[in-house]
Amino acid sequence: QVHLVESGGGLVQTGGSLKLSCTASGRTFSSYDMGWFRQAPGKEREFVAAFRWSGRSYFADSVKGRFTISRDYALNTVYLQMNSLKPEETAVYYCAARIKDDLLRTREYEYSYWGRGTQVTVSS
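What you see is a predicted model; the values in this text were computed from it and never measured.

Trainee: Describe in detail the side chain of T90, supporting the description with residues and values.
Mentor: Among the secondary structure elements, T90 is positioned in the loop between β8 (77-82) and β9 (91-99). Here the side chain of T90 touches P87 through a polar contact of 3.0 Å, landing on its backbone oxygen. One polar contact links the side chain of T90 to the main-chain amide nitrogen of V122, over a distance of 2.8 Å. With residues near it in sequence (within four places) discarded, T90 still touches A40, P41, Q119, V120, T121 and V122.

Structure follows, in structure tokens:
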């Protein structure tokens, strides 16, 4: 069992930046692959980025080159740095975790543990 808490959301102008944090408690942090998802009003939750136990990171095509993901094992925290934000990226951003395996997982149902989300609003 792992408990996830997101922070760092807020209001930012188009082109601005935000850094989201997700702090985990519970079982050994290194046993999990971590993911970030987002859900805009009226839309389905979508994959944004993943940071695997191997140290490799992956991004949705829509955020490549603008978002980065990192992980601090000592703090049990994963970060999502978001740059050049767009109004259409206004959404609730969720941190997720799953027991690590050999595959990259990008679907909502593949993650077992979820935070409550943090709101990101990008004004035009």
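Trainee: For unusual backbone geometry, give the residues involved together with the corresponding values.
Mentor: With phi around 55°, N76 is a residue other than glycine that occupies positive phi space. Although it is not a glycine, S84 adopts a positive phi angle of roughly 50°. Following the sequence through the fold, S84 ends up in the loop between β8 and β9.

Trainee: Kindly report on the state of the cysteines, identifying the contributing residues and their values.
Mentor: Counting across every chain of the model gives one disulfide. C22 shares a disulfide with C95; S-S distance 2.0 Å. Note on the C22 and C95 pair: the S-S dihedral is about -75°, so by sign convention the disulfide is left-handed. Taken together, the residues span a long stretch of sequence, with C22 in strand β3 (residues 18-26) and C95 in strand β9 at a distance of 73 residues. You can call C22 buried: its relative accessible area is 0%.

What counts and what doesn't
Within each chain, residue numbers correspond to sequence positions counted from 1 in written order. The predicted origin of the model limits local features to residues at a pLDDT of at least 70 and limits the giving and counting of side-chain atom pairs to 80 or more, whereas totals for whole chains, interfaces and linings rest on all residues. Only heavy atoms go into the side-chain values, all of them from the structure, while hydrogens and water stay out. Numbering of helices and strands runs from the N terminus, with a helix taken as a DSSP run of H or I at least four residues long and a strand as a DSSP run of E at least two residues long. Identification of polar contacts relies on pairs of N or O atoms within 3.5 Å, with a donor-acceptor requirement for protein atoms, meaning one able to donate a hydrogen and the other able to accept it, and with residues adjacent in sequence counted only if both atoms are side-chain atoms. Whether two residues touch is decided by their heavy atoms; if any such pair falls within 4.5 Å, the residues are in contact. Only a pair of cysteine sulfur atoms within 2.5 Å qualifies as a disulfide here. To sort residues, take the accessible area from a 1.4 Å probe on protein chains only and compare it with the maximum for the residue type: under 20% means buried, over 50% means exposed, and anything in between is partly exposed.

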